[in-house]
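Each chain is listed here by its residues.
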Amino acid sequence: MIRRDFLKSIGAISAGAAIGMPAAGAILPSPLVLPDDADSLNDLDMGMRSLRPRVDRQISVVIIGAGNRGNTYARFAQKFPDEVKIVGVSDILEHRRTRMSDAHGVPEEHRFGDWSEVFKVPKFADAVVISTPDDLHFAPCMKALAMGYDVLLEKPVAQTEKECKAIREQAKKYDRIVAVCHVLRYAPYFIALKHLVKTGAVGELVSIQHMEPIQFAHMAHSYVRGNWRDSKQTTPIILAKSCHDLDIIRWLIDSPCKSIVADGSLHLFRPENAPEGAPLKCTDGCPHEQNCPYSAIDIYTRKKWHIGVFDLNGNRDPDFIMQRLLTPPYDSYARCVYHCDNDQPDHYVAEMVFEGGQTAAFSMEAFAPQGGRRTRIMGTAGYIEGDGAKFTLWDFRTLKPKVWNRKVNEIPEYKGSGHGGGDHALVRDWIEAVAAHDNNLLSSNIDVSIESHVMGFAAERSRKTGRKEKM
Ligand SMILES: NC(=O)c1ccc[n+]([C@@H]2O[C@H](COP(=O)([O-])OP(=O)(O)OC[C@H]3O[C@@H](n4cnc5c(N)ncnc54)[C@H](O)[C@@H]3O)[C@@H](O)[C@H]2O)c1
């Protein structure tokens, strides 16, 4: 079976329409028969393939937003220059625009500031990557589609349900490809999970528990001090952070969501919780700095976490990072976590019921030592438990644990591809889809992606009103 047929058979790529659930009373897939003596699932060829796109022509791409994510996708072009070329760059920050443009030999006339400038010149590439902040997805995406570009669109798709649906309609109207960066679907770990569920390794799937630990410092960096701190400027955290997770749950369960009820709040990062005498910034001589787990000085200059936002050009000297922390605009990251203009919840739970009767319990937690994902899958004949890198399958008949733990990042082609390999696997599929003008080559086409976004908007309504939302 060629890989595309294999992926279609497990629903890892769409078969044109949204993935449907089996009709009531349909015969369950026969259980996957694993060799009794095998205690490893690694040898099953699940989800691993070359990242090199199979295309018969080079694809040309414009990157809009040359920040963290834009660079992730641009690195792919450096890896596979025969398959994809960056021919235009847009970023309002001159140094980011220049660095990416120079690295890819982008001509002067195709170096743009604001995204809108890209569309003032006639179409000059096959596709655009939209990796601007959340509030700048909708307008550039609508414009790009109208001008005949295919799009790789960062998540969340847009800030409202109405805008999400408008993008879907625009893609259909202009017959264009829009891949949403739900990168987890492309990670070998999740493809392997999906394969086992789809082939009946746990019998009939009944319920899922899925947890997204954000990690305490990541929470402080992104959702208290950083770019996603304000749900109105960006999107509620259930979309900004967890749309991946709703998407994965929906994908594994393979049935439309019927209802969702959510709760959660901002417990800690509020002014009334500031310790006595804490100044507005950690760098203003805070008496608690040495003891505070959220100290900006500790997180950035000592631990050197999340320092990509400081445009350090490889300089990791603590004094240099400290200088950045004292200098606008970077000094916003020096703010005391109790004195920020943030409103995103730091704990969030959602319960979902699906058309087939399956249930899912999701929980997003800021107060955890590590990030990643933890998933438990309960089926009528088996159980899977995983931590985002490794999972174990128990078949109730044998109770012999079988483990999947492929070291994806040790495979040379996958090195540097974040999200468990998903980042670059997504780009590969998108490039193949653009080259062949075939939406079916994508796991996360626009219809499917919007379904999980609609679940996120419903969850947020439920959290705010206390009511269960019917889908
Ligand atoms: N798929 C994922 O797993 C994932 C992970 C992180 C972030 N994201 C999403 O990716 C997007 C980008 O996030 P990021 O971490 O790369 O942010 P970033 O701040 O590092 O990059 C955004 C870039 O857009 C530029 N920009 C801002 N306004 C612009 C404008 N008007 N025109 C052109 N460029 C403009 C900024 O200068 C910046 O360089 C966000 O929507 C975010 O939610 C997705």
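I will try to describe carefully the structure that is included in this document. (Residues numbered from 1 in each chain as written. Predicted model: local features only at pLDDT ≥ 70, side-chain atom pairs only at ≥ 80, totals over all residues. Heavy atoms only, no water.)

## Notes on the nonpolar core
In step 1: Of all hydrophobic cores here, the largest spans 136 residues; its most connected members are Met 352 and Trp 430.
In step 2: Taken domain by domain, this core gets at least three of its residues from each of domain 1 (3-45 + 187-268 + 343-406 + 447-470) and domain 2 (284-334).
In step 3: Those residues within four positions of Met 352 in sequence are excluded, and the remaining contacts are Leu 246, Ile 249, Cys 257, Ser 259, Ile 260, Gln 358, Thr 359, Ala 360, Phe 362 and Met 455. (Core = buried A, V, L, I, M, F, W, Y, C linked by side-chain atoms within 4.5 Å. Buried < 20%, exposed > 50% of the residue type's maximum accessible area, 1.4 Å probe, protein only. Domains from an automatic or database assignment. Contact = heavy atoms within 4.5 Å.)

## Description of the site of the ligand
In step 1: The ligand sits among 27 residues. The nearest are Arg 69, Asp 91, Arg 96, Asp 114 and Asp 134.
In step 2: Interatomic distance of 2.5 Å between a side-chain N/O atom of Asp 134 and an oxygen atom of the ligand.
In step 3: Contact between the ligand and Cys 181: a nitrogen atom at 3.2 Å from a main-chain N or O atom of the residue.
In step 4: Contact with the protein chains covers 89% of the free accessible surface of the ligand, which is 850 Å².
In step 5: Counted by class, the shell around the ligand contains 9 nonpolar, 11 polar and 7 charged residues. (Near = heavy atom within 4 Å. Polar contact = N/O pair within 3.5 Å; in protein donor to acceptor, adjacent residues only side chain to side chain. Areas by Shrake-Rupley, 256 points an atom, 1.4 Å probe, with all protein chains shown as cover. Nonpolar A, V, L, I, M, F, W, Y, C, P; charged D, E, K, R; others polar.)

## Observations concerning the sheet that holds strand β14 (residues 402-404)
In step 1: On the basis of which strands lie adjacent, the open sheet formed by 9 strands has the order β14-β13-β12-β11-β7-β10-β9-β8-β15 and mixed pairing. Taken across any chain shown, the strands that pair with only one partner, and hence form the sheet edges, are β14 and β15 (469-470).
In step 2: In this structure, strand β8 (residues 257-265) lies alongside β15, joined through 2 bridges in antiparallel fashion. If you follow Ser 259 over to β15, its bridge partner there is Lys 470.
In step 3: Lying over the sheet, helix α6 (residues 188-198) contacts β7 (205-213), β11 (374-379), β12 (382-386), β13 (391-395) and β14, oriented at roughly 10° with respect to β13.
In step 4: Where helix α13 (residues 446-465) meets the sheet, it contacts β8, β9 (347-354) and β15, and its direction lies at approximately 50° from that of β8. (Pairing = 2+ DSSP bridges. Helix = DSSP H or I, 4+ residues; strand = E, 2+ residues; numbered from the N terminus. Axes fitted to C-alpha atoms, helices over the stretch in contact; angles between N-to-C directions.)

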